[in-house]
Each structure stands twice: as structure tokens, then as C-alpha cells.
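Here is what each chain is made of, one letter per residue.
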Amino acid sequence: ITLLIIDDQDDAHQLIKLSLRHIEPQGTRVRLLHAYNRRKAEQLLQREPDVHLALLDTRMPGGPGSDGRWLIPALIERQIMVIPFTVFDDAASAMQELLGVPALAKWAAPEEIGRHLTTAIARRFSAGFSQQPGPWLTFLAHEGSVAPDDSLETPTPATLDLSPSEIAILLCEGDDK
């Protein structure tokens, strides 16, 4: 199982590494890939064909387009389960609603993170797994020019039917920590 961690903070990467011993069943082999920004994540995704899960910091510094949320459509298209990883409650609840995966809190204990990852791994490898990008995700991907194969059709902002949660995500784009 390969897990890509996309987070700008080294302590978050270390926390996940500590949490691996709490994944069930014991002995489950998880290979970690580390990306500290969106560009590094894009490079890893081009080199690594078999990534199964991505733990994604929902807000990284650098301004609009620099954080990992812009990678979501490309990750989903490759059937990589996206797990939001954040300290921000508003981003966590919005991302959970949009992706259908519970967000993982950065302040959680390693045991709790291990249980969360166990559930995510089971879901990722269950029959019929899928996450579907909505039109707003496609729009974000093209605005940030991150789709590695440029295969997504870009809707215009006027054609997007956005929910309050989707609007909240878009409004957060200009936020820095």
C-alpha cells in the first residue's frame, strides 16, 4: 500500500510515520511518499504509478494555486483515495462533505490516526471504490493548471452549480495560514 503525504509541515509527516504501527492488521506494509508542496506531489505522481491513498493538507501557504487541493481531480482520476488532513474545522467539514471521506485531524493521537487509516485502506481496496470529482474540482484543477494529462474539460464559472460547502472551499483559496 502506498500513501502519499502532501503537507508542508515535517511534524505532520512524522506523526503519520508514528501512526503506521497502529494500522490493522499488524504487519500491513505501507510505503510513505513525502511531498511538502504541490509541485513535489506532482513530480512524485508522475514517477509513481501505484499510489493508493493521499493524505492532503487542505491549506498550505503560498497563495492561491499553491496548495494540494488543486491536485484533487488528478488524484481522484487515478483512483487515489483523498483523505483531508487539517487543523481547520471549516475546511475539514467542507472537504468531508465533498469527498465523502472523513477528514483526519492533525492533532489526533497516533492510535486514532492508525484506526482512521485502517478504515480508509479497507474502503480503498473494497469492491466498487470510487470518488468522483464534481465540476468545481475540475474548474479548480484547470485554474491551477495541475492536471498532468490536460484531459479534463473545463467548465466556465457561470455553469458551476456550487453548494455552500463548495463556495467555502473556493473562498479559502486566497487564505494563508
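To be clear, the structure that these remarks concern was listed above.
Residues numbered from 1 in each chain as written. Predicted model: local features only at pLDDT ≥ 70, side-chain atom pairs only at ≥ 80, totals over all residues. Heavy atoms only, no water.

Help me get a handle on the overall build of the protein, residues and values and all.
Across its full length, the protein carries seven helices and five strands. Listing each helix as α and each strand as β along the protein from the N terminus yields β-α-β-α-β-α-β-α-β-α-α-α. Per-residue burial over the protein gives 51% buried out of 177 residues. A separation threshold of at least 6 residues defines the contact pool for the protein, and within that pool the share at least 24 residues apart is 70%. By element, 52% of the accessible surface of the protein is carried by carbon and sulfur atoms, the whole surface being about 8500 Å². (Helix = DSSP H or I, 4+ residues; strand = E, 2+ residues; numbered from the N terminus. Buried < 20%, exposed > 50% of the residue type's maximum accessible area, 1.4 Å probe, protein only. Contact = heavy atoms within 4.5 Å. Areas by Shrake-Rupley, 256 points an atom, 1.4 Å probe, with all protein chains shown as cover.)

I'd like a rundown of the pattern of salt bridges, residues and numbers included.
Scanning all chains against the criterion turns up five salt bridges. Here Arg31 and Glu48 are joined by a salt bridge, their closest N and O atoms 2.6 Å apart. Separated by 17 residues along the polypeptide, Arg31 in strand S2 (residues 31–35) and Glu48 in the loop between helix H2 (38–47) and strand S3 (53–57) bring together distant segments of the chain. Residue classification places Glu48 among the buried positions, given a relative accessible area of 17%. A salt bridge links Lys106 to Asp57; its shortest N-O distance comes to 3.2 Å. Here the residue Lys106 occupies a position in the loop between strand S5 (104–105) and helix H5 (110–124), and Asp57 occupies one in strand S3, the gap between them amounting to 49 residues. (Salt bridge = Lys/Arg side-chain N within 4 Å of Asp/Glu carboxyl O.)

Account for the sheet that holds strand S4 (residues 81–86), naming residues and giving values.
As summarised here, the arrangement of the five strands in space is S2-S1-S3-S4-S5, forming an open sheet in which the pairing is parallel. In the strand order of this sheet, the two ends are held by S2 and S5, each with one partner. With five bridges connecting them, S3 and S4 associate as parallel partners. Among the inter-strand pairings, Leu53 is bridged to a residue of S4, identified as Met81. The strands touched by H2 are strand S1 (2–6) and S2; relative to S2, the strand with the most contacts, the crossing angle is about 140 degrees. In the packing of H5 onto the sheet, contacts are made with S1, S3, S4 and S5, and the angle to S4 comes to roughly 160 degrees. (Pairing = 2+ DSSP bridges. Axes fitted to C-alpha atoms, helices over the stretch in contact; angles between N-to-C directions.)

A description of H2 should follow, citing residues and the corresponding values.
Every buried residue of H2 is listed here: Arg38, Ala41, Glu42, Leu44 and Leu45. The buried residues of H2 occupy an angular sector of 165 degrees when the element is viewed end-on, so they sit on one face. Exposed side chains of H2 directed beyond 90 degrees from the buried face belong to Gln46 and Arg47. At the N-terminal boundary of H2, the capping side chain belongs to Asn37, with an oxygen 3.1 Å from the backbone nitrogen of Arg39. (Arc of directions from axis to C-beta. Polar contact = N/O pair within 3.5 Å; in protein donor to acceptor, adjacent residues only side chain to side chain.)

How would you summarise the nonpolar core if you had to cite specific residues and measurements?
Leu3, Ile16 and Ile83 are the most contacted members of the largest nonpolar core, which totals 22 residues. If you list the elements that add at least two residues to this core, you get S1, helix H1 (10–19), S3, S4 and H5. The leading source of residues in this core is H5, at four residues. Residue contacts for Ile16: discarding those within four places in its chain leaves Leu3, Ile5, Leu32, Leu55, Phe85 and Ile113. In this structure, Ala54, Leu56, Ile72 and Val82 belong to the second largest nonpolar core, which totals 18 residues. (Core = buried A, V, L, I, M, F, W, Y, C linked by side-chain atoms within 4.5 Å.)

Help me get a handle on the packing of H1 against H5, residues and values and all.
Packing of H1 against H5 brings their axes to within 8 Å, and their N-to-C directions diverge by 75 degrees. With respect to H5, the axis of H1 lies roughly perpendicular. On H5, the residues that touch Leu15, Ile16, Leu18 and Ser19 of H1 are Pro110, Ile113 and Gly114. In terms of residue class, the contact of H1 with H5 is made up of five nonpolar, two polar and no charged. (Parallel < 35°, antiparallel > 145°, perpendicular 65-115°, else oblique. Nonpolar A, V, L, I, M, F, W, Y, C, P; charged D, E, K, R; others polar.)

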